[in-house]
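# Structure assessment
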Amino acid sequence: MESRNTQLAVGLFVIIGILALLFLGLKAANTNVLTNGETYKLFAKFDNIGGLKERSPVKVGGVVVGRVSKISLVGDYYEPLVEMTISKEYNEFSDTTSVSILTSGLLGEQYIGLNPGFIDDTVEMLEDGDYIYDTKSALVLEDLIGQFLFGQGND
Amino acid sequence: MLNRVAALGKATLDSVAGAGAAFFMLMRALVGKPQLRKSWPLLMQQMYSVGVLSLLIIVVSGLFIGMVLGLQGYTILVDFGAEQSLGPMVALSLLRELGPVVTALLFAGRAGSALTAEIGLMKATEQLSSLEMMGVDPLRRVISPRFWAGFYSMPILALVFSAVGIYGGYLVGVRWLGVDDGAFWSVMQSNVEWGQDILNGVIKSLVFAFVVTWIALHKGYQCTPTSVGISRATTSTVVTASLAVLGLDFVLTALMFG
């Protein structure tokens, strides 16, 4: 009988462990909806991606719609190419959509802001694997200071 | 002068021989034909005394460490107006470092010392020799279930520690100090990741479980079978295991997050 109580206690112990793991996994970690939902990919070339990283969020008006899945250099001039994985839920972006690299807050992480373009009969919708050509690069502080000083000198 | 050199040589030889003996003990205890029907009840018994009985100290210390983290983190973060970052601060420090490490230290004190003393006393009262006389391998019968019980229990205890600690941080941060409830969890969720944080924490605690249980069993098995010998072995278990955990933690952290 004692052996049965021991087994019961150990069983409860293991269940408590699994509950703790579930709590940590579901409540504390990001249950990334995008990894199990349907997604599609969009590409964008930038001159400079600043501090953008893989897994940085892609936002429309502050709402996360996807993540940066890959950053690579392409072409003869080594231009940074950013691959974005966007949730299928948001698949109605027109090809006049523009992307820019923004910073959350003064010192925060960098993310990609998508600005949906206008829609009329002449524009087409972006599909899986399409490129967005209207891009604005990240602001680099040194470049800004350099431009400012250069502008001052010309006056 | 020569005596000093000789003493150094003796210390080196002793430590190498000790490491070799510990390795052979573990190998002989673990390698071999598994006998599930015989070893299952023994494992259950040890899981109970090593794991279940450690649950109380783990839950209580986890709760208090989480609460202290919440309190200290808040007083610093509020200066920068960044008290929303309390959630990820508490969760990341618990999952990556404090959960596995403090659990291993408490485990070495609570369960490791008990294992050493138990096996040491078995040796002192000739129980291990009696087992051998009866044709039962004491390594398979006594050491092996205790090792597996420690190996399986510690990750569970570390997970419980982290979960309770995060709840403690939530109690102090949100319920007492008034950090926004939604921001606490959502900022935490956007910063904590399954593979990077939770899985690495579990890997850490598996390594610590291996090392702590191994040290405890080896010290008990090799102790001088006298009352002084057992007390020395028990002290040595706690000291060696704690140092090993802290040293290994640095190496593992450097490998995982460096």
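Residues numbered from 1 in each chain as written. Chains lettered and ligands numbered in written order. Predicted model: local features only at pLDDT ≥ 70, side-chain atom pairs only at ≥ 80, totals over all residues.

Glancing now at the overall build of chain B. Summing up its helical and strand segments, chain B has nine helices and zero strands in all. Ordered by position from N to C terminus, the α and β elements of chain B give α-α-α-α-α-α-α-α-α. Taken along its principal axes, the extent of the C-alpha atoms in chain B is 70 × 55 × 30 Å. When the 258 residues of chain B are sorted by exposure, 43% land in the buried category. Within chain B, contacts between residues at least 6 apart in sequence are counted, and of these 88% link residues at least 24 apart. (Helix = DSSP H or I, 4+ residues; strand = E, 2+ residues; numbered from the N terminus. Buried ≥ 20, exposed ≤ 12 C-beta atoms within 10 Å, placed from the backbone. Contact = placed C-beta atoms within 7 Å.)

Let us now look at the overall build of chain A. Across its full length, chain A holds three helices and eight strands. Counted from the first residue to the last, chain A has its helices and strands arranged as α-α-β-β-β-β-β-β-β-β-α. Compactness check: chain A gives a C-alpha radius of gyration of 23 Å against a globular reference of 15 Å for 155 residues, more than 25% above the reference. Seen along its three principal axes, the alpha-carbon backbone of chain A occupies a region of about 95 × 45 × 30 Å. For chain A, with 155 residues in total, the buried portion stands at 21%. A sequence separation of at least 24 residues applies to 63% of the contacts in chain A between residues at least 6 apart. (Rg over C-alpha atoms; globule rule 2.2 N^0.38 Å.)

Our next topic: the nonpolar core. Among the nonpolar cores identified, the biggest contains 69 residues, and Ala91, Val160 and Val212 of chain B are the most heavily contacted of them. Considering every element that reaches this core, the biggest residue donor is helix 6 (residues 138-176) of chain B, with 18 residues. The next biggest cluster of nonpolar side chains, apart from the first, holds 19 residues, and it includes Ile49, Val65, Val68 and Met84 of chain A. (Core = buried A, V, L, I, M, F, W, Y, C linked by C-beta atoms within 7 Å.)

Moving on: the interface of chain B and chain A. Put simply, an interface is often sized by how much accessible area is lost when its parts join up. Facing 25 residues of chain B, the contacting portion of chain A comprises 18 residues. Sorting the residues of the side of chain B that touches chain A by element identifies helix 2 (36-51), helix 4 (86-124), helix 6, helix 7 (181-191) and helix 8 (194-221) of chain B as the ones contributing at least two each. Here the residues of the side of chain B that touches chain A are counted per class, giving 18 nonpolar, five polar and two charged. (Nonpolar A, V, L, I, M, F, W, Y, C, P; charged D, E, K, R; others polar.)

Residues and elements named next belong to chain A. Here eight strands make up an open sheet; going across it, the order is 7-1-4-3-2-6-5-8 and the pairing mixed. Pairing within the sheet leaves two strands with one partner each, and these edge strands are strand 7 (130-132) and strand 8 (134-136). Ignoring which end each strand starts from, the neighbouring axes of this sheet average 30° apart. (Pairing = 2+ DSSP bridges. Axes fitted to C-alpha atoms, helices over the stretch in contact; angles between N-to-C directions.)

Here chain B shows a mean pLDDT of 90. Residues at 70 or above account for 100%. The spread of mean pLDDT over the elements of chain B runs between helix 7 of chain B, the lowest at 82, and helix 3 (residues 55-77) of chain B, the highest at 94. (pLDDT = per-residue confidence, 0-100.)

Residue and element names in this part refer to chain B. In the numbering used here, UniProt assigns the feature "transmembrane region" (unreviewed entry) to residues 12-31, 52-78, 156-178, 198-217 and 238-257. Overall, residues 198-217 shows 100% helix and 0% strand. The separation of its end C-alpha atoms is 28 Å. As annotated, residues 238-257 comprises 100% helix and 0% strand, and the C-alpha atoms at either end are separated by 27 Å. (UniProt positions renumbered as here; feature names shortened; annotations may be inferred.)

With that out of the way, let us pick up the domain arrangement of chain A. Partitioning chain A into structural domains gives domain 1 (1-31) and domain 2 (33-140). Spacing between the C-alpha centres of domain 1 of chain A and domain 2 of chain A amounts to 42 Å. (Domains from an automatic or database assignment.)

Let's shift gears to the pairing of strand 3 (residues 63-74) of chain A. Residues and elements named next belong to chain A. The pairing of strand 2 (residues 57-60) with strand 3 spans four bridges and is antiparallel. Looking at the pairing, Lys59 lines up with Val64 of strand 3. Hairpin remark: strand 2 followed by strand 3, antiparallel, with two residues in the connecting loop; positive phi at Gly61, about 55°. In the sheet, strand 3 pairs with strand 4 (residues 79-87) via eight bridges, with the strands oriented antiparallel. If you follow Val74 over to strand 4, its bridge partner there is Glu79.

It is worth spelling out the packing of helix 4 of chain B against helix 9 (residues 227-257) of chain B at this point. In a packed pair of helices, the relevant descriptors are the angle between the two axes and the axis-to-axis distance. Residues and elements named next belong to chain B. It is at 9 Å that the axes of helix 4 and helix 9 come closest, and there the two elements cross at 150°. By the angle between their axes, helix 4 is roughly antiparallel relative to helix 9. Crossing geometry of helix 4 relative to helix 9 is assigned as right-handed. Residue composition of the contact of helix 4 with helix 9, grouped by class: 13 nonpolar, nine polar and two charged. (Parallel < 35°, antiparallel > 145°, perpendicular 65-115°, else oblique. Left-handed = near helix turned anticlockwise from the far one by under 90°.)

Think of an α-helix as turning once every 3.6 residues; residues three or four places apart then point the same way. Residues and elements named next belong to chain B. Among all positions of helix 7, only Phe184, Val187 and Met188 are buried. Buried residues of helix 7 fall within an arc of 105° about the axis and therefore sit on the same side. Projecting away from the buried face of helix 7 at angles above 90 degrees are the exposed residues Asp181 and Gly182. (Arc of directions from axis to C-beta.)

Once that is clear, we can look at the packing of helix 3 of chain B against helix 4 of chain B. Residue and element names in this part refer to chain B. For the pair helix 3 and helix 4, the least separation of the axes is 10 Å and the interaxial angle reads 145°. As for how helix 3 packs across helix 4, the hand of that crossing is right-handed. When helix 3 is examined against helix 4, the residues Ile57, Ile58, Ser61, Ile65, Gly66, Leu69, Gly70, Gly73, Tyr74 and Leu77 are found in contact with a partner set consisting of Leu86, Met89, Val90, Ser93, Leu94, Leu98, Val102, Thr103, Leu106 and Arg110. Residue composition of the contact of helix 3 with helix 4, grouped by class: 13 nonpolar, six polar and one charged.

Turning our eyes to something else, we now look at unusual backbone geometry. Leaving glycine out, the prevailing phi sign among residues is negative, and the prevailing peptide bond configuration is trans. The phi torsion at Tyr78 of chain A lies on the positive side, around 50°, for a residue other than glycine. For Tyr78 of chain A, the position within the fold is in the loop between strand 3 and strand 4. Phi is positive for Glu126 of chain B, which is not a glycine, with a value near 65°. Here Glu126 of chain B lies in the loop between helix 4 and helix 5 (127-133).

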